[in-house]
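Architecture and fold: a report
Now for the letters of each chain:
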2 protein chains.
Amino acid sequence: MAKKPSIPKGTRDFSPNEVAKRQYMMSVIRKHFERFGFQPIETPSFENADTLLGKYGEEGDRLIFKILNSGEKVKKADLQALEEDNYAKFSNSLSEKALRYDLTVPFARYVVQHQNEIDFPFKRYQMQPVWRADRPQKGRFREFWQCDADVVGSKSLWQEVELVQLYDAVFSDLGVNGVTIKINNRKVLSGIAEVIGAKDKLIDFTVALDKLDKIGADGVRKEMLEKGIAESAIDKLQPLFDLTGNFQEKLDVLKQLLQESQEGMQGIEELSFVSNHIETIGLQTAHLDLEVTLARGLNYYTGCIFEVAAPEGVKMGSIGGGGRYDDLTGIFGLNNVSGVGISFGLDRIYLVMEELNVFPETVSVSPNVLFLNLGEKETAYALPMITALRRKGVRADLYPDSAKMGKQFQYADKKEIPFVVLAGTAEIEKNLFTLKNLQSGEQKEVSADQLMNELVD
Amino acid sequence: MAKKPSIPKGTRDFSPNEVAKRQYMMSVIRKHFERFGFQPIETPSFENADTLLGKYGEEGDRLIFKILNSGEKVKKADLQALEEDNYAKFSNSLSEKALRYDLTVPFARYVVQHQNEIDFPFKRYQMQPVWRADRPQKGRFREFWQCDADVVGSKSLWQEVELVQLYDAVFSDLGVNGVTIKINNRKVLSGIAEVIGAKDKLIDFTVALDKLDKIGADGVRKEMLEKGIAESAIDKLQPLFDLTGNFQEKLDVLKQLLQESQEGMQGIEELSFVSNHIETIGLQTAHLDLEVTLARGLNYYTGCIFEVAAPEGVKMGSIGGGGRYDDLTGIFGLNNVSGVGISFGLDRIYLVMEELNVFPETVSVSPNVLFLNLGEKETAYALPMITALRRKGVRADLYPDSAKMGKQFQYADKKEIPFVVLAGTAEIEKNLFTLKNLQSGEQKEVSADQLMNELVD
């Protein structure tokens, strides 16, 4: 193979420095998940195709990566479907498994499958990659990490309150200060659809509204018209597109609009509950804001919905989202299990943190010390010392070859290793080591005990 | 969907308890990798198909999970191949990507792709899942985790010495005492093939020999005969099948057999180097043993090869393996970069640890305290306290609903939460909380400060 190898579009290699930063982020998120009482689960990277297909809408189905059946199983290819240009059907005849598209549907599957082992309410978190055959762009990858926290088995609105706090705790700890946690409620959207007389088109209506940021008010109007929503009805929405003021002021406008809709008024009550308790308790650095045009594409949401925007000045799609779903597990045959959850978009948050330059300098996994290699006898002398240091927790590297000194020092430099130890004939005779601090340039002869003291924290 | 959902054969869900144990294992392995100077990288879950195909032999190719091309791309299906029952060719016409089969080939690809950013010798570790369409059995899954440490860019045998130490450090720290680190050398195998006159059949010879444990001496003989190795040649191998004694005694027998083979003698010299230095420095709990029948299936090994067997009494396939490869990156066009590495089979080691019962009891992510929910006013009173505790690092859970007390206590019991806090009208009036220790049954009224002192480490 002559040409330089590459990786598939939308995927990434992570260098040591990047992995260290990602590990740091995940450890912070994990820590807060656990402080809020969530416990980890993990599900397989691929699920049975029928677990995933049909759960994310038509567009979602198209973005699911399918795994080709192995060996002779491909004999079952539905050639007629291929002939009829029905590629989805043809593909499905070749595939029984598909890569995870998000963590929510696998979680619902998990809850139903393990319902007899689970104590409800069940608070779980999950931090795993997901895959989507989406067009890659800045902050959008074909393999990316989600970090989700969900509770199932309770309708309590305190969970919405705590999830807002959880967002605030994580982003504040990561140094991503000033995110906006946008909140809305599907019942409010239902109420709006009801009062403008488009209740039967609720899904079309919310899917279109969700795109306001991307395609603007005109684009939304156009999509709604195409979906058969009356122009007069759409006109009634105009005030929503221009809604301003603080949380309470926006709620007041909504109340006015929705007084005829019982469902809409309940949505307003739920938003009030969350907003009031968050106001009482206070957030560290995040802001909670009502965003009536926030719809979130996924159809399973039924109550409060969330989306997190990066701090002002940072251009980036949403860095988190979630909401309340009253019957997610119903798709797998377990009814009446309400759930609510939020997700952190690790990869985008990473980009935001890079842009804001908020990764701590201590996030590094460079060795603490490099032992130079001066030959077999010398290395045999050094190895017990290296071994002892490692057992005490020191990250100690040995240069593998007895190469030129310059080359070995250069290796230490490039890897940002702060100390170098060398032991040649002279040191061996005196049963000592030479320790050199590469930052200060200071160099001294030390005993094994002294070396241990210098390098062990 | 009426039937209970399930997951694909050979995959697993991990419960909170299992994830906690796996996290613990990974943190121990990670710690030692870093102490030995390795730094982490990560590669995508799927690679371009041509990166993987042809690298693991015919059998390996069949076990690679291929990802079906998306959308209209399946039009390019090679129907003629299907008609000719050439399923591999048909499959390849439908797929451009494949799931990682191991971490070694993606690592080689990474090194070649990023050769200009890498400082050699490059010591990297990688802990990620891999996928194989293998028949599932005890300790063998279709999705499983490998933890690899490799060095590329140096031929130094000190690395083999350090990798043996690394195995010992990890297994000893995990409490898996008494593993056997089997070592052999491909040059010894070459030498044997040479002296029995089957040099041109080296690969067939080593692949067959590798199966000695599984199919016995007779099976190996049969396979070798089938591959065209002369019966007289195979007869010469008999002493190897019965080799006994300590490391040095076995080496002496080998020396006798291989004195005519330059390559074989070099293999012996390498084994001596590793064995002698390991003997001098000593291992904590592992044993290093020469196993001349160890061949390891993969063709890219060229020097020392390793395999780790679980402690005596535990039935389990190998829990680790690795070796020296002199030209792995050559498959991607970068020649003369020697490498050596070892792998830990996380999933099997987990099963071994369960069997030996060596997971520490402290491996748990249960909350430290549960706040009972006695109603909205009471919870509004408790929430600032919960928030303050979490900010101090306490894992504090709030029961979401104001359910019956019995139910809430049961929740704490089942989740093994040691403390419960409740605050009703009486406590609120006195600005206090009631703290109950569920282990001792002790219960007392405390102030916010006292509660903080009791629960914060």
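Keep in mind that this is a model prediction, so the values were computed, not measured. (Residues numbered from 1 in each chain as written. Chains lettered and ligands numbered in written order. Predicted model: local features only at pLDDT ≥ 70, side-chain atom pairs only at ≥ 80, totals over all residues. Heavy atoms only, no water.)

**Description of the UniProt feature "binding site: L-histidine" (unreviewed entry) in chain A**
All names here are of chain A. Put simply, the rule is: UniProt positions are given in the numbering used here, feature names are shortened, and annotations may be inferred rather than shown by experiment. A run of H or I in DSSP counts as a helix once it spans at least four residues, and a run of E counts as a strand once it spans at least two, with each numbered from the N terminus. Think of it in three bands: with a 1.4 Å probe and only protein chains considered, a residue is buried below 20% of the maximum accessible area for its type, exposed above 50%, and partly exposed in between. Pairs of residues are marked as contacts when any of their non-hydrogen atoms sit within 4.5 Å. Between N or O atoms, a polar contact is any pair within 3.5 Å; within protein, one atom must be a potential hydrogen donor and the other a potential acceptor, and residues adjacent in sequence are included only when both atoms are from side chains.
When the UniProt feature table is mapped onto this chain, "binding site: L-histidine" (unreviewed entry) is found at Asp102, Leu103, Thr104, Arg132, Gln146, Asp150, Arg296, Tyr300 and Tyr301. Within the element layout of this structure, Arg132 appears in the loop between strand E5 (122-131) and strand E6 (143-152). Residue Arg132 is classed as buried on the basis of its relative accessible area of 18%. Its place among the elements puts Asp150 in strand E6. Judged by its relative accessible area of 2%, Asp150 falls in the buried class. If sequence neighbours within four positions are ignored, Asp150 has contacts with Phe38, Phe107, Phe122, Lys123, Arg124, Tyr325, Val340 and Gly341. A polar atom in the side chain of Asp150 sits 2.9 Å from the side chain of Arg124.

**What to know about the interface of chain B and chain A**
Basically, it comes down to this: Here the buried area means the combined drop in accessible surface, using a 1.4 Å probe, for two parts upon being joined, counting both sides. Whenever Lys or Arg places a side-chain nitrogen within 4 Å of a carboxyl oxygen from Asp or Glu, that contact is recorded as a salt bridge. Each residue is assigned to one of three groups, with Ala, Val, Leu, Ile, Met, Phe, Trp, Tyr, Cys and Pro labelled nonpolar, Asp, Glu, Lys and Arg labelled charged, and all others, Gly among them, labelled polar.
Every contact between the two is made by 110 residues of chain B and, on the other side, 110 residues of chain A. The largest share of the area that chain B buries against chain A comes from Arg35, Glu42 and Trp158 of chain B, three residues that together contribute 7% of it. Counting across the chain B and chain A interface gives eight salt bridges. Here Arg109 of chain A ties to Asp13 of chain B by a salt bridge, and the two come within 2.6 Å at their closest N and O atoms. The interface formed by chain B and chain A includes 33 residue pairs in polar contact (both at pLDDT 80 or more). The residue inventory of the side of chain B that touches chain A, partitioned by class, reads 48 nonpolar, 31 polar and 31 charged.

**What to know about the pairing of strand E5 (residues 122-131) of chain B**
All names here are of chain B. Put simply, the test is: Note on pairing: DSSP must find at least two bridges between two strands before they are called paired.
Of all ten residues that make up E5, ten are buried, and the element is covered over most of its length. Of the strand pairs in this sheet, E5 and strand E6 (residues 143-152) are connected by ten bridges, and their pairing is antiparallel. Bridge pairing in E6 links Lys123 to Val151.

**Considering the relation of the copies chain B and chain A**
Note the cut-off: Superposition of the copies used a least-squares fit over C-alpha atoms from residues whose pLDDT is at least 70 in both.
Note on the copies: chain B fits chain A at an RMSD of 0.0 Å, the axial shift is 0.0 Å, and the rotation between them is 180°. Viewed as a symmetry operation, the transformation between the two copies matches a two-fold axis. The position closest to the rotation axis in chain B is occupied by the C-alpha of Ile67 of chain B, lying 2.2 Å away.

**Quick look at the packing of helix H7 (residues 158-173) of chain A against helix H14 (residues 262-281) of chain A**
Between two packed helices, both the angle of their axes relative to each other and the distance between the axes serve to describe the pair. Residue and element names in this part refer to chain A. Cut-off, in case you're wondering: Here an angle of 0 to 180 degrees is reported between the N-to-C directions of two axes, which are lines fitted to C-alpha atoms, with helices fitted over the stretch in contact. Oblique is the label for any angle not under 35 degrees, not over 145, and not in the 65 to 115 range, which are roughly parallel, roughly antiparallel and roughly perpendicular in turn. The crossing is said to be left-handed when, going from far helix to near helix, the turn is anticlockwise and less than a right angle, and right-handed when the turn is clockwise.
Interaxial distance between H7 and H14 falls to 9 Å at its minimum, and their mutual angle equals 50°. By the angle between their axes, H7 is oblique relative to H14. For the crossing formed where H7 meets H14, the hand is right-handed. In this structure, H7 uses Trp158, Glu160, Val161, Val164 and Gln165 to contact H14, whose residues at the interface are Phe273, Val274, His277, Ile278 and Ile281. Here the contact of H7 with H14 is built from residues that sort into seven nonpolar, two polar and one charged.

**Observations regarding unusual backbone geometry**
Residue Pro121 of chain A is reached from Phe120 of chain A by a cis peptide bond, and omega for that bond is -10°. When you line up the elements, Pro121 of chain A lands in the loop between helix H6 (104-113) and E5. The backbone of Asn336 of chain B sits at a positive phi, close to 60°, despite the residue not being glycine. Relative to the helices and strands, Asn336 of chain B resides in the loop between strand E10 (320-325) and strand E11 (339-345). Even without glycine at this site, Glu416 of chain B takes up a positive phi of about 55°. With respect to the helices and strands, the residue Glu416 of chain B is situated in the loop between helix H17 (405-414) and strand E14 (419-422). A relative accessible area of 64% places Glu416 of chain B in the exposed class.

**Describing the packing of aromatic side chains**
As a reminder of what qualifies: Aromatic contacts are taken between Phe, Tyr and Trp rings whose centres are within 6.5 Å, Trp giving its six-membered ring; a plane angle under 30 degrees counts as stacked, one over 60 as edge-to-face, and the others as tilted. Charges are assigned to positions over rings by a cutoff of 6 Å between ring centre and Lys NZ or Arg CZ, combined with an angular limit of 35 degrees from the ring normal.
In the structure shown here, the tally under the stated rule is 36 aromatic pairs over all chains. For the pair Tyr399 of chain A and Tyr411 of chain A, a centre-to-centre distance of 5.1 Å together with 90° between the ring planes defines the contact as edge-to-face. Taken as a pair, Tyr399 of chain A in the loop between strand E13 (396-398) and helix H17 (405-414) and Tyr411 of chain A in helix H17 lie far apart in primary sequence, twelve residues in all. Accessibility assignment for this pair places Tyr399 of chain A and Tyr411 of chain A in one class, buried. Grouping aromatic residues by their ring pairs yields a cluster made of Phe33, Phe38, Tyr125, Tyr167, Phe171 and Phe344 of chain A. Across the ring face of Phe38 of chain B, the terminal group of Lys123 of chain B is positioned such that the distance to the ring centre comes to 4.9 Å.

**Quick word on the pattern of salt bridges**
Summed over the entire model, instances satisfying the criterion amount to 52 salt bridges over all chains. A salt bridge links Asp347 of chain B to Arg22 of chain B; its shortest N-O distance comes to 3.0 Å. Here Asp347 of chain B, found in helix H15 (residues 346-356), pairs with Arg22 of chain B, found in helix H1 (residues 16-35); they are 325 residues apart in sequence, far enough to count as distant. Under the relative-accessibility criterion, Asp347 of chain B is labelled buried at 3%. Relative accessible area serves as the criterion here: at 2%, Arg22 of chain B is assigned to the buried category. With its nearest N and O atoms 2.9 Å apart, the salt bridge here joins Arg124 of chain B to Asp150 of chain B. Of the two residues, Arg124 of chain B is situated in strand E5 and Asp150 of chain B in strand E6; the sequence distance between them amounts to 26 residues. Overlapping salt bridges, with partners in common, bring together Arg12, Arg22 and Asp347 of chain A in one network.

**With respect to the side chain of Asp168 of chain B**
Using the following cut-off: Positive charge is attributed to Lys and Arg, negative charge to Asp and Glu, and no charge count is given to His or to the chain ends.
Note on placement: Asp168 of chain B falls in helix H7 (residues 158-173). Salt bridges are absent for the buried Asp168 of chain B, whose nearest opposite-charge side chain, Arg391 of chain A, sits at 4.2 Å. Within polar-contact distance, the side chain of Asp168 of chain B engages the backbone nitrogen of Ala286 of chain B at 3.0 Å. Discounting chain neighbours no more than four positions away, the residues touching Asp168 of chain B are Arg391 of chain A together with Ile181, Leu283, Gln284, Thr285 and Ala286 of chain B.

**Here we look at the sheet that holds strand E15 (residues 433-437) of chain B**
All names here are of chain B. What the five strands build is an open sheet, ordered E13-E12-E14-E15-E16; its pairing is mixed. Looking at strand neighbours, the two that pair on one side only are strand E13 (396-398) and strand E16 (443-446), the edges of this open sheet. Averaged over all adjacent pairs, the angle separating strand axes in this sheet is 25°, with direction ignored. Sheet topology places strand E12 (residues 369-371) next to E14; three bridges connect them, and they run parallel. Paired with Phe371 across the strands is Val421, a residue of E14. Strands in contact with helix H16 (residues 376-391) are E12, E13 and E15; relative to E13, the strand with the most contacts, it is inclined by about 160°. Packed on one face of the sheet, helix H19 (residues 448-455) meets E12, E14, E15 and E16 and runs near 130° to E16.

**Points about the state of the cysteines**
The line we're drawing: By disulfide we mean two sulfur atoms from cysteines, separated by a distance within 2.5 Å.
One pass over the full model with this rule turns up zero disulfides over all chains. Unpaired in terms of disulfides, Cys147 of chain A finds its nearest cysteine sulfur in Cys147 of chain B, a separation of 20 Å. You can call Cys147 of chain B buried: its relative accessible area is 0%.

**Regarding the confidence of the model for chain A**
Keep this limit in mind: Confidence scores labelled pLDDT are given residue by residue by the predictor and lie between 0 and 100.
In this model, chain A carries a mean pLDDT of 93, and residues with pLDDT of at least 70 account for 99%. For this predicted complex, the interface confidence score (ipTM) comes to 0.91, while the overall pTM stands at 0.92.

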